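Given next are the chains, with one letter for each unit.
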Amino acid sequence: MTQIRTLRGVLRTPRDIDDEAQSARSRAPLRGALLGCGFFAENQLHAWRELEGVEIVALCDLDAGRLERFAASFSFSPSACYTEAERLFEEVGLDFVDIAAPTSAHRSLITLACAHRVPVICQKPFATDLHDARMMIEACTRAGVSLTVHENFRWQAAVRETIDALRDGAIGEPFFSRISYRSGFDVFRAQPYLASTKRFIIADLGIHLLDIARALFGEVERLGCQTRRVSADIEGEDVATMMLAHASGVTSIVDCSYATRQSEDPFPQTLIEIDGERGSIRLLAGFRLQIDRLRDGRIERTERLVAPSAPSWSTPPWTPIQQSVVRFQADWLAKLKTDDLPETHGIDNFHTLALVEAAYQAAEERRIVIPQRW
């Protein structure tokens, strides 16, 4: 094999040089762009800055004023800011994009990412309907591009501890669950557009709880749903109750409300009850995980605190969600480097989105619906 002499007199082959270049690339931080600079994008950018081996090098938003304000708050130079996604993809070398734009923009942005062979994280709901979801997943598959949906509720510390306890067999085979998120918190103050959307609580919040149900108990065979609009100041539903029949044999109730008035509002905590053949699991308000086990004919109870650790930039009461963004992005980063599938890859999240669509259909038609499958 031909050898090359360096200035220091060390002999290296072309293969050595290729290996060294590859090693240098693997050590360099992954370069990402954040597409969309709205309300939740701040959490995503803060979270990326918590992680090693990754750097957000560019921002994009159609609203120049919003982009400028966002960039200034995070000390981005004007040269790193774009109002046209096409220009960003053409001018910036990227290892991934994190899409935090409105759902209506997702298909065009994912199409661009596919054209440039750039892996994608996309905010939920990642499609306006299941047809669009299929089109985007198939486009990414053809292009060999990783597609992951940013679903962070299953990565909240307390929820994750509950999932792990069930998977570890703490209570044996489960048969019933209730996943509940009930609050009177004014979510419209920071996100006023939610008041005018025709589909509100299931599409914005219920989607997270349905994903938790899938993470706990697997796919759903049948679904029923009842909705109501309590507030006269909004367009969509602010209360929803869903009953899910899982293929595993579990029946789960998923209920959510932004019209519940309580002296001690648990926002933004998700509360979970699970009954199993040999005990029960309760994720209670205050991040208390309570496990009852049947042993020698007696019920033994253990309880521990599973509160999230607060990132330096977190702001109560958002801490559980903000920490979960770090955990989700850290897991995604690790999976990208090993070519493993993230938990909420495109096809997986298609089934969560299918439950959202089934819930709205069940509520409108007042019947049990069989969700679509991939």
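Only a predicted model underlies this, so the values are computations on that prediction, with no experimental measurement involved.

*Asks:* Help me understand the pairing of strand E11 (residues 239–246), please; the structure alone is not making it clear to me.
*Replies:* In the case of a regular strand, side chains alternate between the two sheet surfaces. Extensive coverage of E11 is indicated by the burial of 6 of its 8 residues. Where strand E10 (residues 220–228) lies against E11, 8 bridges are found, and the strand directions are antiparallel. Its bridge partner being in E11, Val220 is matched across the sheet by His246. Pairing of E11 with strand E12 (residues 251–257), which is carried by 7 bridges, proceeds in the antiparallel orientation. The partner of Ala245 across the bridge, within E12, is Thr251.

*Asks:* What exactly am I supposed to notice about the pattern of salt bridges here?
*Replies:* Pairing is possible between side chains that carry opposite charge, provided their charged atoms lie close to one another. For the structure shown, the criterion picks out 24 salt bridges. One salt bridge connects Asp61 with Arg66, and the closest N-O pair in it is separated by 2.8 Å. By relative accessible area, which is 6% here, Asp61 ends up buried. For Glu161, the salt bridge goes to Arg304, with nearest N and O atoms at 3.2 Å. Remark: Arg304 occurs in strand E16 (residues 298–305) and Glu161 occurs in helix H7 (residues 157–167); sequence separation between them is 143 residues. Overlapping salt bridges bring together Arg154, Arg160, Asp211, Arg214, Glu219, Glu343 and Asp348 as one network.

*Asks:* What am I meant to see in empty space enclosed by the protein here?
*Replies:* Taking a probe equal in size to a water molecule and rolling it over the atoms shows the remaining empty space. Under the definition given, this model contains 2 cavities of 30 Å³ or more. Each pocket or cavity is described by its volume, and for the largest cavity that value is around 50 Å³. Lining the largest cavity, in full, are Gln156, Ala158, Val159, Gln269, Thr270, Leu271, Leu283, Leu284 and Phe287. Within the residue set of the lining of the largest cavity, elements represented by two or more residues are H7 and strand E14 (279–284). For the lining of the largest cavity, the residue count by class is 6 nonpolar, 3 polar and no charged. There is about 40 Å³ of room inside the second largest cavity. If you go around the second largest cavity, the residues you meet are Glu219, Val220, His351, Ala354, Leu355, Pro371, Gln372 and Arg373. A breakdown of the residues in the lining of the second largest cavity according to their chemical character gives 4 nonpolar, 2 polar and 2 charged.

*Asks:* Got a minute to help me understand the layout of surface pockets in this structure?
*Replies:* Empty space within the second largest pocket amounts to approximately 420 Å³. Lining the second largest pocket are 20 residues, and of these Gly144, Val145, Ser146, Leu147 and Leu341 lie nearest its centre. Residue composition of the lining of the second largest pocket, grouped by class: 10 nonpolar, 6 polar and 4 charged.

*Asks:* Honestly, the side chain of Arg282 in this entry has me stumped. Any pointers?
*Replies:* Looking at where Arg282 falls in the secondary structure, it is placed in strand E14. Engagement of the side chain of Arg282 in a polar contact is seen with the side chain of Asp275, the distance being 2.9 Å. In contact with Arg282, other than residues within four places in its own chain, are Ile272, Glu273, Ile274, Asp275, Arg288, Leu289 and Gln290.

*Asks:* What exactly am I supposed to notice about unusual backbone geometry here?
*Replies:* What is expected of a backbone is that most residues other than glycine have negative phi and most peptide bonds are trans. Here the residue pair Phe267 and Pro268 is connected by a cis peptide bond, since its omega of -5° sits within 30 degrees of zero. Tracing the chain through its elements places Pro268 in the loop between E12 and strand E13 (271–276). Here the residue pair Pro316 and Pro317 is connected by a cis peptide bond, since its omega of 5° sits within 30 degrees of zero. Note that Pro317 resides in the loop between E16 and helix H9 (319–338). Its identity is not glycine, yet Ser75 carries a phi of approximately 60°, on the positive side. Within the secondary structure, Ser75 sits in the loop between helix H3 (64–73) and strand E5 (81–82). When its relative accessible area of 67% is taken as the criterion, Ser75 is described as exposed. For Phe287, which is not glycine, the phi torsion reads 60° and is therefore positive. Take Phe287: its relative accessible area is 18%, and that puts it in the buried class.

Rules of the game
- Residues numbered from 1 in each chain as written.
- Predicted model: local features only at pLDDT ≥ 70, side-chain atom pairs only at ≥ 80, totals over all residues.
- Heavy atoms only, no water.
- Buried < 20%, exposed > 50% of the residue type's maximum accessible area, 1.4 Å probe, protein only.
- Helix = DSSP H or I, 4+ residues; strand = E, 2+ residues; numbered from the N terminus.
- Pairing = 2+ DSSP bridges.
- Salt bridge = Lys/Arg side-chain N within 4 Å of Asp/Glu carboxyl O.
- 1 Å grid on protein atoms, 1.4 Å probe; cavity = no way out; pocket = protein on both sides within 12 Å on 5 of 7 lines; lining within 4 Å.
- Points joined across faces, edges and corners; volume = space filled by probe spheres on them.
- Nonpolar A, V, L, I, M, F, W, Y, C, P; charged D, E, K, R; others polar.
- Polar contact = N/O pair within 3.5 Å; in protein donor to acceptor, adjacent residues only side chain to side chain.
- Contact = heavy atoms within 4.5 Å.

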